[in-house]
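The residues making up each chain are set out below.
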Amino acid sequence: MPTNKNKLLCVLLLAALANDLQLLQPRKRVRRWYVRPLNKYRRKYGRYLKTFQVMITEDPEEFFKYTRLYPHEFNVLVNLIEERLNKRSNINTLSTSERLAITLSYLAQGSSMAEVARSYLRGRATISVVVKETCDVLWEVLSPKYLVPPNLEQWNHIKQEFYERWNIPNCLGAIDGKHIAIQSPYKSGSKFYNYKHYYSINLMAIVDSNYKFIFVDIGAQGICGDSGVFRSSNFGAAILNETLNIPRNDILPKTNLRFPCYFVADEAFPLKKNIMRPYPKNEMSKESRIFNYRLSRGRRIVENAFGILASRWRILRKPIIAKPNTVDSIVKATVVLHNFLRCVRTNDPYINNIIDIENEDGEIIPGEWRTGPLLEKISNQGSRNYTADVMKLRNTLRDYFNSPEGSVLWQDRIFEKKLI
């Protein structure tokens, strides 16, 4: 029979345990106010009603700088996303126009969500929800139309454009990957910590000759390298396994030689029948240098596409302060908005000074995107082992680039000037 003393001891122990458990539970945040006092004046001083509406109606130039869109393009986007955004969102007090304005200004100006909240006189949590929801809806609405895998006819059109614009026959696209800097995710260890010593996610992409994204893979942890991200992506696996629905081979122009259709990439990627990469620097004969130069004219397209992306959407230029899933949504939105603008604008003056250009002698004039903060390249973790048949294919293309049928007028002059 337990004594009274034992009973009292048990009661005291249980009380102490209950108190410890209560201390371990996270404290519920107590609201000091339902609406912050400053935010009550948003109708009078908030950016949306005070300046945004003036910009869109009376100052389209300033509106373009603020959102990277012209007013009519903004209205098109509002109409496209309004129905789905209204169904998805739990915030009924904001119009679709204001939610899109908040999101575009956040993406274009590279401001923090706290800064945007103070500008629009909205709560920080409200801005976070608005940006995430709007970015998700932009991806859901725009990607089925502006980021669709090409069919065979479209692949052949891309191939023809690469040859006409960049003198690279049988090329279907350019592949590369970049780091998107983020704040350290909670309890993530070193998973997102890359070889450049900061936290990031990876953006892997294939780009066509017109700087438009064909395929993207977004969200791989920063510790992963180019080759690993590429192999694990859906489009990368399909390319390596030769299951992607692409033209298999075609005749090289001005010859009777059939050659595989391929993607161009840098040294971080494997050399395959359908992936052409440069010769190593220790194998640099004149012919190999010219091959590398000709290949680089195609690879520069994907570098410039990333440059346009980060120049237009400056949120990508510095670490994004958000959870990884929100960062994924933000990057997806920038990609589909990029493709949307590439499609709806027949002439885009915004990128004329941003991209690299070639003069009449074939010399490269670096674009403005190279002067600002750059997206870091993903590390090289690819295999350097490749078969004799693949090496023979690369040598065949090298010989073609150095032949009368496949050469361009300025390549010898570029070599003689030691620019390659």
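Residues numbered from 1 in each chain as written. Predicted model: local features only at pLDDT ≥ 70, side-chain atom pairs only at ≥ 80, totals over all residues. Heavy atoms only, no water.

**Details of the side chain of aspartate 208**
Okay, step 1: Within the secondary structure layout, aspartate 208 lies in the loop between strand E2 (200–207) and strand E3 (213–221).
Okay, step 2: Despite its burial, aspartate 208 remains without a salt bridge, the nearest opposite charge being carried by lysine 212 at 4.6 Å.
Okay, step 3: Side-chain polar atoms of aspartate 208 contact the backbone nitrogen of asparagine 210, separated by 2.8 Å. (Helix = DSSP H or I, 4+ residues; strand = E, 2+ residues; numbered from the N terminus. Buried < 20%, exposed > 50% of the residue type's maximum accessible area, 1.4 Å probe, protein only. Lys, Arg positive; Asp, Glu negative; His and termini not counted. Salt bridge = Lys/Arg side-chain N within 4 Å of Asp/Glu carboxyl O. Polar contact = N/O pair within 3.5 Å; in protein donor to acceptor, adjacent residues only side chain to side chain.)

**What to know about the state of the cysteines**
Okay, step 1: Summed over the entire model, instances satisfying the criterion amount to zero disulfides.
Okay, step 2: Unpaired in terms of disulfides, cysteine 171 finds its nearest cysteine sulfur in cysteine 261, a separation of 9.4 Å. (Disulfide = S-S within 2.5 Å.)

**Points about the sheet that holds strand E1 (residues 171–181)**
Okay, step 1: Pairing within the open sheet is mixed, and its five strands lie in the order E3-E2-E1-E6-E7. Taken across any chain shown, the strands that pair with only one partner, and hence form the sheet edges, are E3 and strand E7 (275–276).
Okay, step 2: Across the sheet, helix H12 (residues 286–312) is in contact with E1, E2, E3, strand E6 (262–264) and E7; its angle to E1 comes to roughly 40 degrees.
Okay, step 3: Each of E1, E2 and E3 is contacted by helix H13 (residues 324–344), which is oriented at about 170 degrees to E3, the strand it contacts most. (Pairing = 2+ DSSP bridges. Contact = heavy atoms within 4.5 Å. Axes fitted to C-alpha atoms, helices over the stretch in contact; angles between N-to-C directions.)

**Let's talk about helix H14 (residues 388–401)**
Okay, step 1: Helix length check: H14, at 14 residues, gives a terminal C-alpha distance of 20 Å against a target of 20 Å (1.5 Å per residue), a fit within 8%.
Okay, step 2: Within the sequence span of H14, burial applies to Val390, Leu393, Arg394, Leu397, Arg398, Tyr400 and Phe401. Buried residues of H14, seen end-on, are gathered within an arc of 165 degrees and therefore sit on one face of the element. Away from the buried face of H14 by more than 90 degrees, exposed residues Ala388, Asp389 and Lys392 are located.
Okay, step 3: The inward-facing, buried residues of H14 contact strand E5 (258–260), E6, E7, H12 and helix H15 (411–416). (Expected span 1.5 Å × (residues − 1). Arc of directions from axis to C-beta.)

**Description of the pairing of E1**
Okay, step 1: Summarising burial for E1: eleven of the eleven residues are buried, a large majority.
Okay, step 2: Here E1 runs beside E6; their pairing, made up of three bridges, is parallel. When the sheet's bridge partners are listed, alanine 174 is paired in E6 with valine 264.
Okay, step 3: One ladder, built from eight bridges, connects E1 with E2; its direction is antiparallel. The partner of alanine 174 across the bridge, within E2, is valine 207.

**Here's the deal with the pattern of salt bridges**
Okay, step 1: In this structure the tally under the stated criterion is 18 salt bridges.
Okay, step 2: Measuring nitrogen to oxygen at the nearest pair gives 3.5 Å for the salt bridge that ties lysine 273 to glutamate 242. Taken together, the residues lysine 273 in the loop between E6 and E7 and glutamate 242 in the loop between helix H11 (234–240) and strand E4 (249–251) connect sequence positions 31 residues apart.
Okay, step 3: With relative accessibility at 38%, the residue lysine 273 sits in the partly exposed group.
Okay, step 4: The exposure class assigned to glutamate 242 is partly exposed, which follows from its relative accessible area of 39%.
Okay, step 5: Its salt-bridge partner being arginine 370, residue aspartate 356 comes within 2.6 Å of it at the nearest N-O pair. Taken together, the residues span a long stretch of sequence, with aspartate 356 in the loop between H13 and strand E8 (357–358) and arginine 370 in the loop between strand E9 (364–365) and H14 at a distance of 14 residues.
Okay, step 6: On the basis of relative accessibility, which here comes to 6%, the residue aspartate 356 falls in the buried class.
Okay, step 7: Residues joined in a network through salt bridges with shared partners are Glu73, Arg312, Arg345 and Asp348.

**Regarding the packing of aromatic side chains**
Okay, step 1: One pass over the full model with this rule turns up 18 aromatic pairs.
Okay, step 2: Lying over the aromatic face of tyrosine 279, arginine 394 brings its terminal NZ or CZ to 4.2 Å of the ring centre. (Phe/Tyr/Trp six-rings, centres within 6.5 Å; stacked < 30°, edge-to-face > 60°. Lys NZ or Arg CZ within 6 Å of the ring centre and 35° of its normal.)

**Re empty space enclosed by the protein**
Okay, step 1: For the coordinates displayed, the defined rule picks out one cavity of 30 Å³ or more.
Okay, step 2: Of the volumes computed, that of the largest cavity is approximately 70 Å³.
Okay, step 3: Around the largest cavity sit Lys178, Phe306, Gly307, Ala310, Ser311, Arg317, Trp369, Pro373, Leu374 and Leu375, which together line it.
Okay, step 4: Among the elements that make up the lining of the largest cavity, the one with the highest residue count is H12 (four residues). (1 Å grid on protein atoms, 1.4 Å probe; cavity = no way out; pocket = protein on both sides within 12 Å on 5 of 7 lines; lining within 4 Å. Points joined across faces, edges and corners; volume = space filled by probe spheres on them.)

**Thoughts on the packing of H12 against H13**
Okay, step 1: Where H12 contacts H13, the two axes come as close as 10 Å, and the packing angle between them is 105 degrees. Judged by the inter-axis angle, H12 sits roughly perpendicular to H13. Along its contact with H12, which presents Ala305, Ile308, Leu309 and Arg312, the element H13 presents Thr334, Val335, His338 and Leu341.
Okay, step 2: Class assignment for the residues of the contact of H12 with H13 results in five nonpolar, two polar and one charged. (Parallel < 35°, antiparallel > 145°, perpendicular 65-115°, else oblique. Nonpolar A, V, L, I, M, F, W, Y, C, P; charged D, E, K, R; others polar.)

**Section: the side chain of arginine 99**
Okay, step 1: Relative to the helices and strands, arginine 99 resides in helix H6 (residues 96–109).
Okay, step 2: Lacking a salt bridge, the buried arginine 99 has glutamate 133 as its closest oppositely charged neighbour, with an N-O distance of 4.6 Å.
Okay, step 3: Setting aside residues up to four positions removed in sequence, arginine 99 forms contacts with Leu85, Asn86, Ser89, Ile91, Leu94, Val130 and Thr134.

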